[in-house]
Amino acid sequence: MKFFKQVAAALLSGAALLASGLAQADTSWAWSYTGTGVSASGTFTTAGAALVPEDILSISGSRNGVAILGLVPLGEDGNFAYDNQFTNSGNYFTDAGMLYDVGGGDVGHFNVYFFEGQHFDLQVVDGQAIEIPISFSVTAVPEAATYVYMALGLAGIGALARRRKLAPGAAA
């Protein structure tokens, strides 16, 4: 029984360390979407776990093979309503969504947003809106520290199990 208490204590202390590290760490998100004639993927970063809408701090990736240069700062492109916020829920974006730049200039701005149960990719060319329904997916990317804590926890459990097995007179 003592063995199980030691294992539980090790797991709880590892979980506490992990939680304290994640509470203050930026979160990276791997995202992708596809629609008729469009395919995009990459990563973006928020300041936390985005349980409520949070600002997207940075973005990278590509759209139809062209590199994403970054987010368009709020208010810079009047063709779009955007807030560059993300939430870790089924909708992911507000009606405004995020606006990113591909290739530079206003023609290379793409707005990804959620409206009435559907995600969209929107571009404005010569005053004309080109709106494409898309399938959007996103997952959190674990930080390297997560793997380190997990490895330390497993090593600790292994060491405790080995110590218990080698201990003279160990009872089952």
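Throughout, a residue's number is its position along its own chain's written sequence, starting from 1. It should be noted that, the model being predicted, local features are given only for residues of pLDDT at least 70 and side-chain atom pairs only at 80 or more, the latter also being counted only at that level, while totals for whole chains, interfaces and linings use all residues. The basis for every side-chain value is the complete set of non-hydrogen atoms in the structure, without hydrogens or water.

Undergrad: Explain the overall build of the protein chain here, please?
TA: Only DSSP runs of H or I reaching four residues or more are called helices, and only runs of E reaching two or more are called strands; each is numbered from the N terminus. Helices and strands together make up the secondary structure of the protein chain, namely two helices and nine strands. Sequence-ordered secondary structure for the protein chain, helices as α and strands as β, is α-β-β-β-β-β-β-β-β-β-α. The classification of residues rests on relative accessible area computed with a 1.4 Å probe and restricted to protein chains. Under 20% of the type maximum is buried, over 50% is exposed, and intermediate values are partly exposed. In the protein chain, which comprises 172 residues, the proportion classed as buried is 33%. Any pair of residues with heavy atoms lying within 4.5 Å of one another is described as a contacting pair. Pairs at least 24 residues apart make up 45% of the contacts formed inside the protein chain by residues separated by at least 6 positions.

Undergrad: I tried to follow the environment of Trp 29 on my own but got confused; where do I start?
TA: Considering the arrangement of structural elements, one finds Trp 29 in strand 1 (residues 27-35). The buried category is assigned to Trp 29, whose relative accessible area is 2%. Sequence-wise, Trp 29 and Gly 42 are 13 residues apart; in three dimensions their C-alpha atoms are separated by 8.3 Å. What qualifies as a polar contact is a pair of N or O atoms within 3.5 Å, subject to a donor-acceptor requirement within protein and to the restriction that residues adjacent in sequence count only when both atoms come from side chains. Separated by 3.5 Å, the side chain of Trp 29 and the backbone oxygen of Thr 27 make a polar contact.

Undergrad: What's the story with the nonpolar core in this structure? I'm lost.
TA: Nonpolar side chains in soluble globular proteins tend to be buried together. Judged by nonpolar contacts, the single largest core of 22 residues is most densely connected at Trp 31, Tyr 33, Phe 86, Tyr 100 and Phe 136. Mapped by element, the contributors of at least two residues to this core are strand 1, strand 2 (38-46), strand 3 (54-63), strand 6 (98-102), strand 7 (109-115) and strand 9 (128-141). Looking at this core, the element that brings in the most residues is strand 9, giving four residues. Non-local contacts of Phe 86, meaning those with residues more than four positions away in its chain, are made with Trp 29, Phe 44, Thr 46, Ala 50, Val 52, Pro 53, Glu 54, Ile 56, Tyr 92, Phe 93 and Val 138. Put simply, a nonpolar core is a bunch of buried Ala, Val, Leu, Ile, Met, Phe, Trp, Tyr and Cys residues held in one set by side-chain atoms that sit within 4.5 Å of each other.

Undergrad: Any chance you could explain unusual backbone geometry here in plain terms?
TA: Trans peptide bonds make up most of the peptide bonds, and negative phi angles are found at most residues other than glycine. In this model, Glu 116 sits at a positive phi of 45°, which is unusual for a non-glycine residue. Tracing the backbone through its elements, the reader meets Glu 116 in the loop between strand 7 and strand 8 (118-125). For Asp 126, which is not glycine, the phi torsion reads 50° and is therefore positive. Tracing the backbone through its elements, the reader meets Asp 126 in the loop between strand 8 and strand 9.

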